[in-house]
Amino acid sequence: MKRPPSGIAPVIKVRPDAPTSLFRQVYEGYHKAILDGNLRGGQRVLSTRALAQELGISRMPVLNAYAQLLAEGYFESRVGSGTIISSSLPERIAKQPRTISRPKRARQGQKRTSKRCWNLPSAQDFFRSRGFGPFAVSQIGFDNFPQRLWNRLVTRQSRNTTVRSFDYGDPMGLLELRERIAEHLHISRGVKCDAQQIIIVSGSQQALDLTTRVLLDPGDHVWMEHPGYTFARSVFTHNGCCVVPVKVDAEGLNVEAGIKKCPKARAVLVTPSHQYPLGVTMSASRRLQLLDWAESNDCWIIEDDYDGEYRYEGMPVTSLQGLDKTSSVVYIGTFSKVLFPSLRLGYLVVPEDLVERFLAARFAFDICPPTFSQAVLADFIGEGHFVRHIRRMRAIYAERRDVLLENIREHFGTAVEIAGYETGMHLSILLREISDHEISARAARQNLWLSPLSPSYMKHAPRQGFILGFGSTSVQQMPAAIRKFRELVRSV
Ligand SMILES: Cc1ncc(COP(=O)(O)O)c(C=O)c1O
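Thresholds applied
- Residues numbered from 1 in each chain as written.
- Predicted model: local features only at pLDDT ≥ 70, side-chain atom pairs only at ≥ 80, totals over all residues.
- Heavy atoms only, no water.
- Patch = residues over 30% accessible without salt bridge, like charges linked within 9 Å, V, L, I, M, F, W, Y side chains within 5 Å.
- Areas by Shrake-Rupley, 256 points an atom, 1.4 Å probe, with all protein chains shown as cover.
- Salt bridge = Lys/Arg side-chain N within 4 Å of Asp/Glu carboxyl O.
- Helix = DSSP H or I, 4+ residues; strand = E, 2+ residues; numbered from the N terminus.
- Buried < 20%, exposed > 50% of the residue type's maximum accessible area, 1.4 Å probe, protein only.
- Phe/Tyr/Trp six-rings, centres within 6.5 Å; stacked < 30°, edge-to-face > 60°.
- Lys NZ or Arg CZ within 6 Å of the ring centre and 35° of its normal.
- Near = heavy atom within 4 Å.
- Polar contact = N/O pair within 3.5 Å; in protein donor to acceptor, adjacent residues only side chain to side chain.
- Nonpolar A, V, L, I, M, F, W, Y, C, P; charged D, E, K, R; others polar.
- Domains from an automatic or database assignment.
- Pairing = 2+ DSSP bridges.
- Contact = heavy atoms within 4.5 Å.
- Axes fitted to C-alpha atoms, helices over the stretch in contact; angles between N-to-C directions.
- pLDDT = per-residue confidence, 0-100.
- Right-handed = clockwise from strand over helix to strand, strands pointing away.

Let's talk about a nonpolar patch on the surface
Working step 1: There is a patch of nonpolar side chains on the surface, built from Y168, F363 and I367 and spanning about 340 Å² of accessible area.
Working step 2: Examined against the element boundaries, F363 turns out to sit in helix 13 (residues 355–366).
Working step 3: Accessibility expressed as a relative area gives 49% for F363, which makes it partly exposed.

Concerning the packing of aromatic side chains
Working step 1: Enumeration over the complete set of coordinates arrives at 20 aromatic pairs.
Working step 2: Taken together, a centroid distance of 5.0 Å and an interplanar angle of 80 degrees make the contact between Y310 and Y397 edge-to-face. Taken together, the residues Y310 in the loop between strand 8 (300–304) and strand 9 (329–334) and Y397 in helix 15 (residues 385–412) connect sequence positions 87 residues apart. As far as burial versus exposure is concerned, Y310 and Y397 are alike and both buried.
Working step 3: One aromatic cluster in this structure is built from F126, Y229, F231, Y276 and Y306.
Working step 4: Over the ring of F365 we find R213, and its NZ or CZ is 3.9 Å from the ring centre.
Working step 5: Looking at R409, its charged tip hangs above the ring of Y421, at a distance of 5.8 Å from the centre.

Looking at the site of the ligand
Working step 1: Close contacts around the ligand come from S138, G203, S204, Q205, Y229, Y276, D304, Y306, T334, S336, K337 and R344, and that covers them all.
Working step 2: In this structure, S138 approaches the ligand through a side-chain N or O atom, which is 2.8 Å from an oxygen atom.
Working step 3: One nitrogen or oxygen atom from the side chain of S336 is found 2.7 Å from an oxygen atom belonging to the ligand.
Working step 4: Look at the ligand: alone it shows 400 Å² of surface, and the protein chains cover 93% of it.
Working step 5: A class-by-class count of the residues in the shell around the ligand yields 3 nonpolar, 6 polar and 3 charged.

What to know about the domain arrangement of the protein
In many reports, interface size means the accessible area that the parts give up when they come together.
Working step 1: Under the domain assignment used here, the protein contains domain 1 (22–95), domain 2 (146–383) and domain 3 (388–491).
Working step 2: Domain 1 and domain 3 are separated by 65 Å when their C-alpha centres are compared.

Quick word on the sheet that holds strand 8
Working step 1: Strand order in the open sheet formed by 8 strands is 3-10-9-8-7-4-5-6, with mixed pairing between adjacent strands. Only two strands of the sheet have a single neighbouring strand rather than two, namely strand 3 (198–201) and strand 6 (252–253).
Working step 2: Relative to strand 7 (residues 267–270), strand 4 (residues 221–226) runs parallel, the two sharing 3 bridges. Bridge pairing links W223 to V268 in strand 7.
Working step 3: Packed on one face of the sheet, helix 10 (residues 230–238) meets strand 4, strand 5 (242–249), strand 7 and strand 8 and runs near 165 degrees to strand 4.
Working step 4: Together, strand 3, strand 9 and strand 10 (346–349) form the strand contacts of helix 13, whose direction differs from that of strand 3 by roughly 20 degrees.

Describing the pattern of salt bridges
Side chains bearing opposite charge may pair, as long as their charged atoms lie close to each other.
Working step 1: Tallied over the entire structure, the rule returns 18 salt bridges.
Working step 2: The salt bridge involving R24 is made with E28; its shortest N-O contact spans 2.9 Å. Linking R24 with E28, this pair stays in helix 1 (residues 22–35), spanning 4 residues, or about one helical turn.
Working step 3: Linking D305 and R189 is a salt bridge whose minimum nitrogen-to-oxygen distance equals 2.7 Å. Taken together, the residues D305 in the loop between strand 8 and strand 9 and R189 in helix 8 (residues 175–189) connect sequence positions 116 residues apart.
Working step 4: Note on R189: relative accessible area 2%, which makes it buried.
Working step 5: It is possible to trace a salt-bridge network through shared partners that takes in R156, D379 and E383.

Section: the confidence of the model for the protein
Working step 1: Mean pLDDT for the protein: 92, with 94% of residues reaching 70 or above.
Working step 2: Across residues 1–5, where pLDDT falls below 50, the model places 3 contacts with residues more than four positions away in sequence or in other chains.

Focus: the side chain of N239
Working step 1: Looking at where N239 falls in the secondary structure, it is placed in the loop between helix 10 and strand 5.
Working step 2: Overall, N239 belongs to the buried group, its relative accessible area being 18%.
Working step 3: Within the local environment of N239, its side chain forms a polar contact with the side chain of D209, the two groups lying 3.1 Å apart.
Working step 4: N239 has contacts with D209, T212, R213 and P218, leaving out every residue within four places of it along the chain.

Looking at the pairing of strand 5
Working step 1: Of the strand pairs in this sheet, strand 4 and strand 5 are connected by 6 bridges, and their pairing is parallel. Residue pairing in the sheet places H221 in a bridge with C242 of strand 5.
Working step 2: Viewed along the sheet, the connection from strand 4 through helix 10 into strand 5 turns out right-handed.
Working step 3: In this structure, the hairpin formed by strand 5 and strand 6 is closed by a connection of 2 residues.

Rendered as C-alpha cells:
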C-alpha cells in the first residue's frame, strides 16, 4: 500500500517540457508560494523523495532546489521533523495581497520617496517632447562629426588597454586630459588655471550639482538669470537652495536688480558668453560689477560656459573666470556642444583652495569618471583634431545661422524679435500674442521642434517665443521648416 506523503501537499507544479529547468521550477514554485503567503512559517514541507515522486520527476532537481531554499533562508532544517518553512519569516508576508493595483502602487511610491524628488520635472515628459529634426535645441551637427576618426581613436585606445585600465581611475580625471583642457582653455577662453584645478565630470549638469553640494547649504539663496536654464534650477532647488530670479536685459544679468532683490545671496549662476536662453553676451561693465559684488560679499560666481567657443561676430569673448582676481569664480565647461552630448564629459575649473573639498565630494558621490572615454578625448585634443573640428564646425554653424536669420526675416518680417544669434547653436525668437506651448505642441506633431521660451521663466512669463536650435538643421531644411513654422503661427 502506498504511504501517504509526510508534510504539506505541494503548491507547485512542474512541466518537464518547459524551457525553465526542473530545479528552477521547483525553487520558484516554493519561493512564490511563500512570498504570496500560501505557505506559512513553521509548516512542514514534503521530503525531497516524496515531492519527486509526487511530481513524477527525478530527485536531483528537488534536492538542489531545497538546498537553494535552505541557503537563502526560506526553508529550515529541523532534526527529527525534516524540512519546514522557515519560522523566522515575518508573518506579514502571509497577509500581503497577491497583487497591488497600479494607481495604489504609484501612490505608495509617492509616500515612500522624498518630498523634494516630486518637485523634479519629469524626464519622460522631457524626452517625449524632444525630437530629432529641425530646430531641436541641444543637438549638434551630427552628420559633420568626424565619426571615422573618432572610431579609429577608440579602436587604438582599446588596443592599448592594460590590466591597470580596469582599476578605479583618478577622481580628478585623467591627468593627460586635464593638461590638454587647461592648455586649450587658456588659449581659447582666457581661463587662468592649471591641470590641478580641473576636475573631469559627466557634463555641466554634474558639475553644477557638485558645485552646489560643495559651496551651498540648504536655505542658501542663489541668483539665477531670469529667464534661465531650467535644468540648473532643479539642481539648486533639489539641494534645498532658494532660487532668486534676477532679470536679464541687453547687457546680461542685471547685477543691481539682484542686489536690490536679495543682497545676501551666496552665489549666482551665469551664462555670460551666451545667456541661456536669450543669447545676450554679458557686457564688460556687468562682468566687473558682478566680480566686485562677489568679492565684497564673499559670494561665488558659477560660470556656465556651455557654447562660448562658437562665436560668429568677432573673437570669442574671454571668460569671466579670466577676469577674476579673487578666486570667486567656479568655471563649468562641457563637451556636449563642441563634440557630442552622449560623450557625457565636462569639467570644472575650481579655485586652488577649493580643490580638496570638491574632490572629497566627487569621491563621495561617484568616485571617479570613466577612464576610457577620457583617454580617447585626450588623444583627440592632443593630436589637434579638437581645434580643427571647432574651426570647421564654426563655419558650418555660421552658415546655418545666416540662412536661418534670412528665412526668419523673409517670412516673419518685423513681427518677431530675434535675439542671441552672435554665439552658439541656438537663437531665440520673441513673438507677441501667442501661446508658445500651444504652437510648440502642434509643431511637434509635424516633426518641427520649437522649444517654448516661457518655461525658462520661473512664474509668470512676460515674453512668449521659441528657442530655435540650428546645430542639426541643415541649410537645405531651413526654408521649408521656417515656412511650416510661419503657417503654424498664422493658424493659431
Ligand atoms: C545653459 C546650458 N548649460 C549646459 C548645457 C550642457 O549640459 P551638459 O553638459 O550636462 O550636457 C546646456 C545644454 O543644452 C545648456 O543649455
